Amino acid sequence: MTDTTIRSTGLTLETGIPICQTDLPLDWYQEEFKPYAEEYLALPDRHPETVLPWLDRYTLPALDHFGDELLLLAHFYMGGEIVKLVERYQGAVSDSYVLALQALENPGKRIIVESAVHFMAETVAILSHPHQEVWITNPKAGCTMEMLAKDHLVEPIADQLLERYGDDLLCIAYMNTSGRLKALAGRTGGAVCTSSNAHHVVEWARAQGKKLFFVPDQHLGRNVADRLGMDQSKLLALPNPQTHGANYTLADVDGGLEALDAAEMILWGSYCGVHTVFTPEMVEHWRADGRRVLVHPESPLETVRAADGSGSTNYLWDAVLAARPGDRLAIGTEGHFVRNARVEGAKRGVDIVHLAEIPGSLAAGCGCATMSRNDPPHLAGMLDLLRQGKAPAINRVLAGDSVDEVSGARDRLRDDERAELVVQARAALERMIEVTERHQGS
Ligand code: SF4
């Protein structure tokens, strides 16, 4: 059985180091959150000595009110000091796989507040028990990779694929997808995967002899195929959804229907803007400097091949914790994560740099800007509004919601539609859990 209890990250709030994160400008905040943002912006500085007493005014009464029924969650990529703040208030920080299981494994937690991007909160909601409520501190916090794989983009193409290949098509949905795409995976007998178990899930799917449709990250798809020794020429990436949307037919793809028929795995064309900036030249630069280079598998194939190691966020954090005094690392992943890793490494004499921080690079330290929209005023406001029973419905996360991250508006399914989606999406998540547990046990 995989241990999905959340360990402390070991991160500590240091006095004197500013908490600088805000979702500026003020117009970006929902009306209900503006008073908290105004107070936060008016603080004389961002040092923990100043911010914490202000935050305590809102969070401590909420913690007291909800007691053991409240669970705060945050992803490792949360910017500023939010991960440290969440841990300070007895919350938990981890990667998307471990976060996804927290409602399921903690039935005593009735109110779950997540500081992360929407698909993570929605996955918690899909796996939650009926009496649990999942809330996101900022509904405009979306994952750009997922935003290029909304159901209105993917489903018209998936319908064409299903028409052509029928039951021979199996969809694998990376965790970075909406519940609607996880349900598509479930309907086709497929599974969800994360960056830590994608190779096991794809291996399991291949054993069924089906044509695979991997959504949404083309880079993770290529990297997993490479790890499994698959022939890269048997992969076919669909057009960039940013430029092509869903305005094409299968006959229009590179190589046409013949290429599609020959493909073992079809990749949706989305990508993560944070991870695609990493290049083999960056790897060579830091290796020449005597460093071990580790990258996340959402990076391009050539970069992953050039690196010394590649793996999920938890893999990268474990590598930081396992490094010995004198070790020197270059890490290619989200900028806030690397900044936190650098501070923790420095305490033990481990020297860590961000992979993109090479001379002349414009991509230095790139963070996940959308995830960082969950800032201290959003955390304070969410908890205070929940305590008062005044939390905006738009912050409640239900399975099947489709979110417009620009306005924060959500298209919510009817109850019967949601119930059907939950069955299908859960089936895909449970297949992932089964495949993962089997490998952990072996
Ligand atoms: S780092 Fe990239 S993949 Fe991860 S949540 Fe942010 S935009 Fe999405």
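Residues numbered from 1 in each chain as written. Predicted model: local features only at pLDDT ≥ 70, side-chain atom pairs only at ≥ 80, totals over all residues.

Moving on: the sheet that holds strand β1 (residues 70-75). Overall, parallel pairing links the four strands, which are arranged β2-β1-β3-β4 in an open sheet. Each edge of the sheet is formed by a strand with only one pairing partner; in this case those strands are β2 (92-94) and β4 (133-136). Ignoring strand direction, the axes of neighbouring strands in this sheet form an average angle of 25°. As defined by bridge partners, β1 adjoins β2 across three bridges and the pair is classed as parallel. Its bridge partner being in β2, H75 is matched across the sheet by S94. (Pairing = 2+ DSSP bridges. Helix = DSSP H or I, 4+ residues; strand = E, 2+ residues; numbered from the N terminus. Axes fitted to C-alpha atoms, helices over the stretch in contact; angles between N-to-C directions.)

A word on the environment of L104. Within the secondary structure layout, L104 lies in helix α5 (residues 102-105). Setting aside chain neighbours within four positions, we find L104 in contact with L127 and S128. (Contact = placed C-beta atoms within 7 Å.)

We now examine the pairing of strand β10 (residues 292-295). Inspection of the sheet shows β10 paired to strand β12 (residues 328-332) by four bridges, in the parallel sense. Opposite V293, over in β12, you have A330 as the bridge partner. Sheet analysis places β10 next to strand β11 (residues 309-310), joined by two bridges and oriented parallel. In the sheet register, V295 faces β11, and the bridge partner there is S310.

Bringing the site of the ligand into the picture now. Lining the immediate surroundings of the ligand are Y77, V117, C143, T144, M145, N176, C272, V274, E298, E334, C368 and M371. Within the shell around the ligand, the residues separate by chemical class into eight nonpolar, two polar and two charged. (Near = placed C-beta within 6 Å. Nonpolar A, V, L, I, M, F, W, Y, C, P; charged D, E, K, R; others polar.)

Once that is clear, we can look at the sheet that holds strand β9 (residues 265-267). Within the open sheet, the five strands sit side by side as β6-β5-β7-β9-β8. Their pairing is parallel. At either end of the open sheet lies a strand with only one pairing partner, and these are β6 (191-193) and β8 (235-237). Taken over all neighbouring pairs, the strand axes of this sheet differ in orientation by 25° on average, direction set aside. Across three bridges, the pairing between strand β7 (residues 211-215) and β9 is parallel. Paired with F214 across the bridge in β9 is L267. Most of the contacts of helix α8 (residues 151-165) go to β7, to which it runs at about 175°, and overall it touches β5 (169-174), β7 and β9.

Turning next to the nonpolar core. By size, the foremost hydrophobic cluster in this structure holds 137 residues, and its most contacted members are V124, I172, A173, A191, V201 and V215. A173 has contacts with L181, K182, L184, A185, V192, V215 and A428, leaving out every residue within four places of it along the chain. (Core = buried A, V, L, I, M, F, W, Y, C linked by C-beta atoms within 7 Å. Buried ≥ 20, exposed ≤ 12 C-beta atoms within 10 Å, placed from the backbone.)

This part covers helix α2 (residues 48-66). By the largest-angle criterion, D56 marks the main kink of α2, which is about 45°. Regarding α2, the residues found buried are P48, V51, L55, Y58, T59 and A62. Where α2 is buried, its residues touch α3 (82-88) and α18 (376-388). (Bend = angle between axes of the 7 residues up to and from the residue.)

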